[in-house]
Amino acid sequence: MHIRRILTASATTAAVTALGLTVAVPAQAAEYSSALKIKGVQYDAPGRDSNKCSGGNTKNEYLTIKNYSKTATVNLKGYKVKDATGNTFTFKKSHTLQPGDYVSLRGGRGTDSDAKNVVYRQNCNFIWNNDKDTIYFYKPGGTRADVHAYTKKSNDRDGNGYITYHG
């Protein structure tokens with residue numbers, strides 16, 4: 001007679017912890033079941049970084065979020081974007097994404113536009129680090145929609161400051 005043993009994630013974690021071992025899991029290892037995902041990030045704005053509200057280039061740093069659903073329209077209101085140090089942006093206004101549609105979340109100040117697929121953070125500080133960072137994307141209820149860690153050296157091989165995630 002064969003006995004099948006099934007270890008749950010919590011049992012495995014408890015066993016590893018009891019042995020004093022640690023296991024590193026990459027931040028992007030999980031695939032989340034969200035229609036909205038991070039398509040890409042311009043983490044290093046072209047040119048010399050200047051976070052001045054007038055004449056600065058924070059508007060050239062952006063995160064592209066895409067609706068990958070084939071049928072569902074999604075409203076971004078209540079979704080959150082956060083970096084590794086806790087800098088957070090919450091979509092406070094309605095902004096709907098039809099299936100296949102996207103929005104660019106830009107730094108700096110500007111006028112949000114559904115027609116131009118843009119939302120501004122209304123903040124002239126950069127959010128993404130130029131060397132490495134982690135991008136967290138949360139649904140309105142607080143569950144993760146997507147997450148990606150990057151390093152300039154590993155993820156931006158052509159050095160243009162842009163990384164594509166979900167094509």
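Since this is a predicted model, take the numbers as computed values, not measurements. (Residues numbered from 1 in each chain as written. Predicted model: local features only at pLDDT ≥ 70, side-chain atom pairs only at ≥ 80, totals over all residues. Heavy atoms only, no water.)

Structural notes on the confidence of the model for the protein
Argument step 1. Here the protein averages 84 in pLDDT, and 81% of its residues register 70 or above.
Argument step 2. Confidence scores differ between elements of the protein, with helix α1 (residues 9-18) showing the lowest mean pLDDT of 42 and strand β4 (residues 80-82) the highest of 98. (pLDDT = per-residue confidence, 0-100. Helix = DSSP H or I, 4+ residues; strand = E, 2+ residues; numbered from the N terminus.)

Observations regarding the environment of C53
Argument step 1. Positionally, C53 belongs in the loop between β1 (36-42) and β2 (62-67).
Argument step 2. Filtering out sequence-adjacent residues up to four positions away, C53 remains in contact with R109 and C124. (Contact = heavy atoms within 4.5 Å.)

Some points on the pairing of β1
Argument step 1. Burial of β1 is extensive: six of the seven residues sit out of reach of the surface.
Argument step 2. Across six bridges, β1 lies against β2 in antiparallel orientation. Looking at β2, one finds that I38 is bridged to I65.
Argument step 3. As paired strands, β1 and strand β11 (residues 162-164) are joined by three bridges and run antiparallel to one another. Bridge pairing in β11 links V41 to I163. (Buried < 20%, exposed > 50% of the residue type's maximum accessible area, 1.4 Å probe, protein only. Pairing = 2+ DSSP bridges.)

Focus: the sheet that holds β11
Argument step 1. The mixed open sheet is built from five strands, whose spatial order is β8-β7-β2-β1-β11. One side of each edge strand has no neighbouring strand; the edge strands of this open sheet are β8 (118-120) and β11. Adjacent strand axes in the sheet meet at a mean angle of 25°, parallel and antiparallel pairs treated alike. (Axes fitted to C-alpha atoms, helices over the stretch in contact; angles between N-to-C directions.)

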